[in-house]
Amino acid sequence: MTRDQMLAHLRAADAVAREAAAHGHHPFGAVLVGPDDAILMRQGNIDTLHHAETELARRAAAAYPPEFLWTCTLVSTGEPCAMCTGTLYWANIGQLVYGFEETELLALTGDHPENPTMSLSARIVLGSGQKKIDVHGPFPEIEDELVSVHRGFWQR
Ligand SMILES: Nc1ccnc(=O)[nH]1
């Protein structure tokens, strides 16, 4: 996938995040991209425990065989947490693209009880596994755009 394609999919994931926020959920979004660059699934955050990326990986694993998912990419606005990164590993999704770092999210959410952000990079989680999943992120040129929906959101 080219960098421009990654940026386009990050914007699609951002639209999903904004839609989730508009419906009372947390502003996170993820999309599943197939080997032909088509978006196959979209998923917004549901709540504290049901993150966009975990839900997407579980839905993807229910809909497609693991061999196919190995050719797919999970694209998420924020870097997936340890739970979500673990789920994408077990779902056998072959690539990860994320917009901004989990440390950036931690600065935005602080210790908010609905999202006490962890600080464990997806690359560290995946580095402890047995398969080589490509990780692309962060994308500084789009960070302001992706982060803007979080500004103010966590000061409730
Ligand atoms: N990266 C994320 C953190 C928290 N919730 C989500 O849905 N996604």
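Residues numbered from 1 in each chain as written. Predicted model: local features only at pLDDT ≥ 70, side-chain atom pairs only at ≥ 80, totals over all residues. Heavy atoms only, no water.

- As recorded in an unreviewed UniProt entry, the protein chain goes by Cytosine/adenosine deaminase and comes from Mesorhizobium australicum.

## Overview of the pairing of strand E4 (residues 95–100)
Phase 1: The element E4 is extensively covered by neighbouring structure, given that five of its six residues are classed as buried.
Phase 2: In the sheet, strand E3 (residues 73–78) pairs with E4 via five bridges, with the strands oriented parallel. Note on E4: the bridge partner recorded for Leu74 is Leu96.
Phase 3: Regarding the hand of the β-α-β motif, the stretch spanning E3, helix H4 (residues 82–91) and E4 is right-handed.
Phase 4: Judged from the three bridges that link them, E4 and strand E5 (residues 134–136) form a sheet pairing that is parallel. By the bridge assignment for E5, Leu96 is matched with Val135. (Buried < 20%, exposed > 50% of the residue type's maximum accessible area, 1.4 Å probe, protein only. Helix = DSSP H or I, 4+ residues; strand = E, 2+ residues; numbered from the N terminus. Pairing = 2+ DSSP bridges. Right-handed = clockwise from strand over helix to strand, strands pointing away.)

## Things to note about the nonpolar core
Phase 1: Ranked by internal contacts, the top residues of the largest apolar core, which has 40 residues, are Leu10, Val31, Leu32, Leu74, Ile93, Leu96 and Phe139.
Phase 2: A total of six residues in this core trace back to one element, the largest contributor, which is helix H1 (residues 3–22).
Phase 3: Residues in contact with Leu74, not counting those within four places in the same chain, are Ala30, Val31, Glu53, Leu56, Ala57, Leu88, Ile93, Gln95, Leu96 and Val97. (Core = buried A, V, L, I, M, F, W, Y, C linked by side-chain atoms within 4.5 Å. Contact = heavy atoms within 4.5 Å.)

## A closer look at the packing of aromatic side chains
Phase 1: The final tally for this structure, using the stated rule, is four aromatic pairs.
Phase 2: A ring pair is formed by Tyr64 and Phe68, whose centres lie 5.2 Å apart and whose planes are at 40 degrees; its orientation type is tilted.
Phase 3: Both rings, one in Phe153 and one in Trp154, keep their centres 4.8 Å apart while their planes meet at 70 degrees; by these two values the pair is edge-to-face.
Phase 4: Given the relative accessible area of 16%, Phe153 is considered buried. (Phe/Tyr/Trp six-rings, centres within 6.5 Å; stacked < 30°, edge-to-face > 60°.)

## Considering the sheet that holds E4
Phase 1: The mixed open sheet is built from five strands, whose spatial order is E2-E1-E3-E4-E5. Each edge of the open sheet is held by one strand with a lone partner, namely strand E2 (39–44) and E5. Each neighbouring strand pair of the sheet contributes to a mean axis angle of 15 degrees, computed without reference to strand direction.
Phase 2: Where strand E1 (residues 29–33) lies against E3, four bridges are found, and the strand directions are antiparallel. (Axes fitted to C-alpha atoms, helices over the stretch in contact; angles between N-to-C directions.)

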